[in-house]
Structure formats: structure tokens, C-alpha cells
Amino acid sequence: MYNEPALVIFSGGQDSTTCLFWAKQEFKDVYALSFRYGQKHEKEVELARAIAAKAGVDFQVMDAPLIGHLGSNALTDTTIPMDSEQPEGGVPNTFVPGRNLFFLAIAAVHAREKGIRHLVTGVSQTDFSGYPDCRDSFIRSMNVTLNLAMDAQFVIHTPLMWLDKAETWALADRLGVLDLVRHDTLTCYNGIPGDGCGHCPACKLRREGLERYLASREACTGRPQGQ
């Protein structure tokens, strides 16, 4: 365990909620930072606030509408039909250009002002949905850039980087928050909490991972999927 504080970039979704409780286990104090950037599923921010309260961590929200206005994407523009499948040879139109770049940069400045050097984000290269700013190479590069830009020694932690969605559910279970993550988080791009709409790419990825994890858990322990 680190005898230092950490700042979690916290959306209120499956991945960042799992990371929040992972951080509570690994760091002395934990802070959570959410963003409003024009996302259609902005309800995630209020769910994030509620989860942070349950977790007993300090919670703040920053408005960053520029992120949603810079590029054309289906998460911030209601006129663009959402890709239901990964396009061949490209990124899905749910990719918000620069989102994680801006999130990390803003979070680092915020953390620096609070005397925090550890940043936690829920990105994953294993289940990255084709988003280039979820890859390990980007995170490593961004870590170096932030340190150079602010003459600091930030450490970006990515506990889910090499986990698929089934393994992420397993981690949530080990942390004792499987039910909370399953029922109180918002991953759905259409803004429906819990199991979501079941049709958008985020819901499909989440559901497939949950089913694989519950099936493997039942095979290993005999615990039924509903328990």
C-alpha cells in the first residue's frame, strides 16, 4: 500500500468504479474527479457522485465542454447514429478525440495543486474498443509528457490495462463490490444504468464479460450466476 494519496479519473462506469475501489485498497487517501464534456450519457456524473459518497471519497466535477466540441463523434453529437460494431480498419464513431489526453492533463494539474502525484485511470488495451488513447503506449508517453510539462513525478496507474472485461468483473468481485458495479454504475452509451440498453457497444462488451465471469465462477465454486 502506498502511504500517499491518489486521484482517480472517475466516470461512474464499470471500469472507473472498479479502479476507485482498487485505489482505496492501494492508497492512503483517494480523491475522485469526473468530467462533463457534453456526453449524451451525462447521468453518469450523478451516479459517480453517489458511488463516491458510498465509497467515502472526496468527489469533484469539472466542466470541459471543449472536449466534446472539438471533434465529430456519436457520444456528444445526437445527430450521429452510433456504430453498433467495430468498423474495419478504423476507430468506432463513439471515439471522442483527445478525451483521455485532456482528462489526464486536467487531472494532473488538479492533482498537482492538491499535492498528489498518483493518477489512476480505468483504460484497458485488452478491451479498448478500438480507442487509441486506451493503449499502454499512449499512457506511458503521456506520463512522460506530464512529468516534463510540470517538472513533476506523476505516476499513472492503469490496474485494468491487461485485463479483459471478464477479468475486470473478477477484480470487482475480489474487491467486494461486484453488486455495486453491476447495479449502480453507468456504462451504457444511451445513459441507462446497470445492465444498460443491451444494444450499444459498451453494453455488449460489459454483458459478454459478465456472462463469461459468472460462468467461470460457477464452474470453479459452484456459486450460481445470480449470487
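The paragraphs below set out a description of the structure included in this document. (Residues numbered from 1 in each chain as written. Predicted model: local features only at pLDDT ≥ 70, side-chain atom pairs only at ≥ 80, totals over all residues. Heavy atoms only, no water.)

### Remarks on the overall build of the protein
Then, number 1: Counting its secondary structure elements, the protein contains eight helices and five strands.
Then, number 2: Listing each helix as α and each strand as β along the protein from the N terminus yields β-α-β-α-β-α-α-β-α-β-α-α-α.
Then, number 3: Seen through its principal axes, the protein has C-alpha atoms that stretch 50 × 45 × 30 Å.
Then, number 4: Among the 227 residues that make up the protein, the fraction classed as buried is 51%.
Then, number 5: Sequence-distant contacts, at least 24 apart, represent 70% of the contacts inside the protein between residues at least 6 apart.
Then, number 6: If you sum the accessible surface of the protein, you get close to 10600 Å²; carbon and sulfur atoms cover 51% of it.
Then, number 7: Side-chain charges in the protein split into 22 positive and 27 negative, and the spacing between the mean points of these groups amounts to 3 Å. (Helix = DSSP H or I, 4+ residues; strand = E, 2+ residues; numbered from the N terminus. Buried < 20%, exposed > 50% of the residue type's maximum accessible area, 1.4 Å probe, protein only. Contact = heavy atoms within 4.5 Å. Areas by Shrake-Rupley, 256 points an atom, 1.4 Å probe, with all protein chains shown as cover. Lys, Arg positive; Asp, Glu negative; His and termini not counted. Charge placed at Lys NZ, Arg CZ, Asp CG, Glu CD.)

### Overview of the pattern of salt bridges
Then, number 1: The final tally for this structure, using the stated rule, is twelve salt bridges.
Then, number 2: Two residues, D15 and K165, come together in a salt bridge whose shortest N-O distance is 3.1 Å. Of the two residues, D15 is situated in helix α1 (residues 14–26) and K165 in helix α6 (residues 165–174); the sequence distance between them amounts to 150 residues.
Then, number 3: A salt bridge links R207 to D195, with the shortest nitrogen-to-oxygen separation between them at 3.1 Å. (Salt bridge = Lys/Arg side-chain N within 4 Å of Asp/Glu carboxyl O.)

### Looking at the environment of R99
Then, number 1: Along the chain, the position of R99 falls in helix α4 (residues 99–113).
Then, number 2: Relative accessible area serves as the criterion here: at 14%, R99 is assigned to the buried category.
Then, number 3: Not counting chain neighbours up to four residues away, the residues in contact with R99 comprise Y37, I67, L75, Y131 and D133.

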